Amino acid sequence: MKVWHWLNIIWLFLFIIGIVFVLVRKVDGVGAVQTPQVKMISVMVLLGFYLFIWLCQLITLYFIKKHK
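Residues numbered from 1 in each chain as written. Predicted model: local features only at pLDDT ≥ 70, side-chain atom pairs only at ≥ 80, totals over all residues. Heavy atoms only, no water.

## Focus on the overall build of the protein
From N to C terminus, the protein includes two helices and zero strands. A compact globule built from 68 residues would reach a C-alpha radius of gyration of about 11 Å, whereas the protein, at 16 Å, exceeds it by more than 25%. C-alpha extents for the protein along the principal axes are approximately 50 × 20 × 15 Å. For the protein, contacts bridging at least 24 residues in sequence account for 53% of all contacts bridging at least 6. Accessible surface, the protein as shown: approximately 5,700 Å² in total, 80% of it carbon and sulfur. (Helix = DSSP H or I, 4+ residues; strand = E, 2+ residues; numbered from the N terminus. Rg over C-alpha atoms; globule rule 2.2 N^0.38 Å. Contact = heavy atoms within 4.5 Å. Areas by Shrake-Rupley, 256 points an atom, 1.4 Å probe, with all protein chains shown as cover.)

Structure, rendered in structure tokens:
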């Protein structure tokens, strides 16, 4: 289970780095200026991705514990 906890810490760390990157940048890859509204939409998309990963981990953990 130690590996499981370390992987969760790594995912959380990557999520925090992603949010900082989105909030700090002035323009995106296309060159469009990032307004506060666009930044919040980007954070919500990132949050949705993080929640999807978290849900997949919960389902995987359920099946791992069920087989023990």
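Still more to cover.
## Here's the deal with the nonpolar core
Of all hydrophobic cores here, the largest spans five residues; its members are Phe15, Ile19, Val22, Val43 and Tyr50. Looking at which element gives the most residues to this core, the answer is helix 1 (residues 2-24), with three residues. Residues within four places of Val43 in sequence aside, it is in contact with Ile19, Val22 and Leu23. (Core = buried A, V, L, I, M, F, W, Y, C linked by side-chain atoms within 4.5 Å. Buried < 20%, exposed > 50% of the residue type's maximum accessible area, 1.4 Å probe, protein only.)

## Quick look at a nonpolar patch on the surface
A cluster of nonpolar side chains, Val3, Leu7, Ile10, Trp11, Phe13, Leu14, Ile17, Phe49 and Phe52, forms an exposed patch at the surface whose accessible area comes to about 900 Å². Listing elements by their share of the nonpolar patch, those giving two or more residues are helix 1 and helix 2 (36-67). The dominant element in the nonpolar patch, judged by the number of residues it contributes, is helix 1, at seven residues. Relative to the helices and strands, Trp11 is located in helix 1. (Patch = residues over 30% accessible without salt bridge, like charges linked within 9 Å, V, L, I, M, F, W, Y side chains within 5 Å. Salt bridge = Lys/Arg side-chain N within 4 Å of Asp/Glu carboxyl O.)

## Here we look at the packing of helix 1 against helix 2
Taken N-terminus to C-terminus, the directions of helix 1 and helix 2 make an angle of 170°; their axes are 9 Å apart at the nearest point. Considering the angle they form, helix 1 stands roughly antiparallel to helix 2. When its residues are assigned to classes, the contact of helix 1 with helix 2 shows 16 nonpolar, five polar and one charged. (Axes fitted to C-alpha atoms, helices over the stretch in contact; angles between N-to-C directions. Parallel < 35°, antiparallel > 145°, perpendicular 65-115°, else oblique. Nonpolar A, V, L, I, M, F, W, Y, C, P; charged D, E, K, R; others polar.)

## What about helix 1?
With 23 residues, helix 1 should cover 33 Å at 1.5 Å per step; its first-to-last C-alpha distance of 33 Å lies within 8% of that length. When we look at burial in helix 1, the residues that qualify are Trp4, Phe15, Gly18, Ile19 and Val22. Looking at the buried residues of helix 1, the elements they touch are helix 2. (Expected span 1.5 Å × (residues − 1).)

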